[in-house]
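Working through the structure, step by step
Below are the chains, spelled out letter by letter.
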Amino acid sequence: MSVRHRLLGAASIQALALLFASSALAQQTLPTIDVGAARGSARAARASAARGVSATRVTTPAGSLVTSPSPDLAAAPGFSPQKLAMPVYRQPTGQTFTTVRGKDFENMPLTTVRELLQYSPGVSFKQGNGPRDIVISIRGSSARNGFGVRNIVVLEDGFSVTQPDGLSRTDLTDPHAYAGVDVYRGPSSALFGNFANGGAINFRTRTGEEINGVEYGVEFGSFGYLNNFTSVGKKTGNVDIAVFASDVRSRGFALNNWSDTQTVNATARWQVTPDDLLTFKFIHNQLYGDLSNRLSLNQYYVNPFQQGCYVAPQSGDGLNLFQNYCGTINVPFNGINGRNQFNWRSTAWLAGLHRDDRRDILGLRWEHDFDASTKLRTQVIYDDKNIQQPTGNTAALQDEPAVNASTDVTKVGSLLGYEARHFAGLYFNRTRYASYTNNTLPFGDGATGSIQSLQNAMMQNLGGRGREEVALSRDVTMVLGLSAEMTKIAALQDAYTYFAAGRQAGQIASWTGTPVNKTYWNFGPEASVTWRATPDLLTHFRASSGYGTPNPGQLFVNQQGKVGANTDLKTQRNTGIDMGLDWKPYETLLFSLTGFYEWYQNEQLTQSPGAGLLSYTFNAPGSVHRGVETLLDWRPYDGVRVMANYTYNNQIFTEFVEQIGTTARTGYFDRAGYKIPGVAPHNATARLSYDVPFGDFRGLGAFVEYNYQSSYYIDNGNVLTIPSYGLINTNLHYDRDVDIGWLKHFTAYFEVRNIFDRHWVASANNISNTVQLVSGVVVQNGYTSLAQNATGSIYAGNPRLFQGGVKFKF
């Protein structure tokens, strides 16, 4: 029997023992619980009176600690009236869960969602391709991605913004639009289906009632940063409308990083009858962003912001010198990918590398109450992504429309005499698209040459899920969940090469057609126990699973690094255990601690098997992800607040033999026990703030913030490390209600980021190890070779910059 099965068995026995013991204890000691509740309320009242603070908190980690000053201890965890009024996904009982409130970040510049999400433990980031394209990882879930978000399901107001192929982008998320963000940590496919290996994120916009008027703001700062944004909202009768819009422009701090983004985000709610609610959702995002080349480690150390990288020499010592401090691309001079073509060394500036993307999302949800305890929710989403992306040697051109529909029923009732909430639902999503890959030309504004490949693809997911939440006693809640899903991929790739010279120049020299037809079946169980050990202490134990199927783009390069079917690629799965506690002895103090251990099977990795070969995706048979997440939110005195979180991530391969070769021979390297690349072991964020609580200077405040990330490997062989960083930011702000004509509220703020002007790595894509043949033996190259030659990896983070803003509410 494996160690994992022994641990799961022992954990299951302990959980069952806890269930029966807690149920029996609750029946014997009900009066004690009443006394404890009274004592807890009195203590909370004394704490509030002593501090003069009605504290709220940043997080509800287990989804069951309420935020009101007088917790309802008469209800089992997850069964308070406020919780039962929410959809099941909002604060799922037993889930390792964090809510970050937008209100806590109103007095600072917000350029990306990182500024919000960095206060959730377990979450890490790297810069993607574009100003707001943040690669979000939960417990390292997207660490191998160079752009977008994968292995996490992303929602907005409960509407999915993850496309059926599993890709999400944060370009459409202006952080000023949100009232809060919910972060679901750990395998979550039982509730969110395919691609929820790492968890899920739900962005929540403000309602019209919360806005109640017109708000206008402008932010400005170093390197041409300018954001004009406005929110308009009102609730009138049974109709609530909220509209957010922004226009963001920036020159960027690195060469060829100019950007221009427009966003519209609208939500309308119409209470048609007392039993029927319609919710309309509309998101539009238009992005144009220039892109610089990613660098090798040595290039980053010498020239992190790519100054002077305009035109590259084409040969000799001049080219070698240029490539010591500038990234380049090597493309066909005439745009033809073929035999005997003449290649040209170009730069991001000269070739005009950029992204030109549009995203439109329309959603409609109908909620119907059959009675006071039974609710039906049905929603449908249309999502269209249109991209033109000359981002490197090749350009992607694609229009990807998708539909997403779901329906579910929630009923509060009983199960075997225990209070229970029942949930069951069905869901379906589908996309069909044509994706063109063209060669990039060495000159022009992202001009493209001949087509290299064309993918016609269809991907759809059809599944069902069910969930039972059972209150075994006033202090213990058990949850059981299960999803079952079928994923189907049908696709065809046409790949072309051309004659590059002679009488046949420009004509097709070869064509390869690769059909793919795959069906995947997956199941995602979940079980948890939440125990309120004392009025101040909530604990939870959770065993869950996640799964993520391949997407069509991973199925057209075979394991030899050549064009061909890669249909042996399997679904990656993870099974995990979370154990955590949330301690809130006063309304002014919250401490959260969670430990996790996850087993991965067939984790998907992408790299080239050797020099001159294409990158392909393969399965690493076994790996483990384990770690600790902590959070502190403390208000020790009037106006003083400490916010901090820390994450420890220890991820290793347990079974994986890597194949890397030269043109003459293939080598095999056992990676068992090696660190998984791209995952920093230590991440921490802390803030100390003070806001004048009363008097003439009420509303004046300041904070100092510290962000830390440790060094980490970016290759499977654990040769090349990315340096750690620690950044300090400072902020001064003024926020106060006023009564000047129509003006109701005024806010002003100024911030210095990276105050000591440290160089730091904002993004490092994983690289492939390289080898050479030494005396007939395939030998792995060392640090010096990778640091110099492994280009296409690193984006530098921002230098010292100054940003400020003002906001008005009418």
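Note on numbering: residues in each chain are counted from 1, in written sequence order. Reporting in this predicted model follows two pLDDT cut-offs: at least 70 for local features of residues, and 80 or more for side-chain atom pairs to be given and counted; totals over whole chains, interfaces and linings ignore these cut-offs and use all residues. The side-chain quantities take in all heavy atoms of the structure and omit both hydrogens and water.

**Quick word on the overall build of the protein**
Only DSSP runs of H or I reaching four residues or more are called helices, and only runs of E reaching two or more are called strands; each is numbered from the N terminus. Secondary structure assignment for the protein yields 10 helices and 40 strands. Radius of gyration (C-alpha) of the protein: 27 Å, near the 28 Å computed for a compact globule of 810 residues. By its C-alpha atoms, the protein is 90 × 70 × 50 Å across when sized along the principal axes. The contacts of the protein with a sequence gap of at least 6 include a subset with a gap of at least 24, amounting to 67%. When charges are counted, Lys and Arg contribute as positive and Asp and Glu as negative, whereas His and the chain ends are disregarded. The location of each charge is read from NZ of Lys, CZ of Arg, CG of Asp or CD of Glu. Looking at charge distribution, the protein has the averaged site of its 68 positive side-chain charges lying 4 Å from that of its 64 negative ones. Atoms considered for the radius of gyration are the C-alpha atoms alone. The globule rule reads 2.2 Å times the number of residues to the power 0.38. Two residues qualify as a contact provided that any one of their heavy atoms is within 4.5 Å of a heavy atom in the partner residue.

**Structural notes on the pairing of strand β23 (residues 537–548)**
Of all the 12 residues making up β23, 10 are buried; the element is thus mostly covered by neighbouring parts of the structure. For two strands to be treated as a pair, DSSP must find no fewer than two bridges joining them. Bridge analysis of strand β22 (residues 508–534) against β23 gives 8 bridges, and the strand direction is antiparallel. Bridge pairing in β23 places T534 opposite L537. Between β22 and β23, which pair antiparallel and follow one another directly, the connecting turn spans 2 residues. Taken together, the 12 bridges between β23 and strand β24 (residues 572–586) define a ladder with antiparallel strand orientation. Throughout this description, buried means an accessible area under 20% of the type-specific maximum (1.4 Å probe, protein chains only), exposed means over 50%, and partly exposed covers the range between.

**Things to note about unusual backbone geometry**
Despite not being glycine, N602 has its phi angle at roughly 60°, a positive value. Relative to the helices and strands, N602 resides in strand β25 (residues 589–607). With a phi close to 55°, N718 is a non-glycine residue in the positive phi region. Tracing the backbone shows N718 in the loop between β32 (712–713) and β33 (721–722). N718 gets classed as buried once you look at its relative accessible area, which sits at 18%.

**Looking at the sheet that holds strand β7 (residues 199–205)**
The strand order across the open sheet built from 5 strands is β1-β6-β7-β4-β5, with neighbouring strands paired in mixed fashion. This sheet does not close on itself; its edge strands, each paired only once, are β1 (96–101) and β5 (159–160).

**Quick notes on the side chain of N429**
In this fold, N429 is placed in strand β19 (residues 418–440). Taking the relative accessible area as the measure of exposure, N429 reaches 10% and is therefore buried. Dropping the residues within four chain positions of it, N429 is found in contact with P164, V403, N404, M459, Q460 and N461.

**A few points about the environment of T721**
Mapped onto the fold, T721 is located in strand β33. If near-sequence neighbours (up to four positions away) are discounted, T721 is found in contact with L297, Y712, Y713 and Y783.

**Focus on the environment of L397**
Turning to its location among the elements, L397 is positioned in strand β18 (residues 394–415). Given the relative accessible area of 27%, L397 is considered partly exposed. The spatial distance from the C-alpha of L397 to the C-alpha of N129 is 15 Å, given a sequence separation of 268 residues. Discounting chain neighbours no more than four positions away, the residues touching L397 are I387, A434, S435, Y436 and N438.

**A look at the state of the cysteines**
A pair of sulfur atoms, both from cysteines and within 2.5 Å, is called a disulfide here. Enumeration over the complete set of coordinates arrives at 1 disulfide. Disulfide partner of C309: C326, at an S-S distance of 1.8 Å. Here C309 and C326 share a disulfide; its torsion about the S-S bond, -85°, makes the bridge left-handed. Of the two residues, C309 is situated in the loop between α7 (297–302) and α8 (316–325) and C326 in the loop between α8 and β13 (329–332); the sequence distance between them amounts to 17 residues. Taken as a pair, C309 and C326 share a single burial class, namely buried.

Limitation: the analysis is restricted to geometry and does not speak to function.
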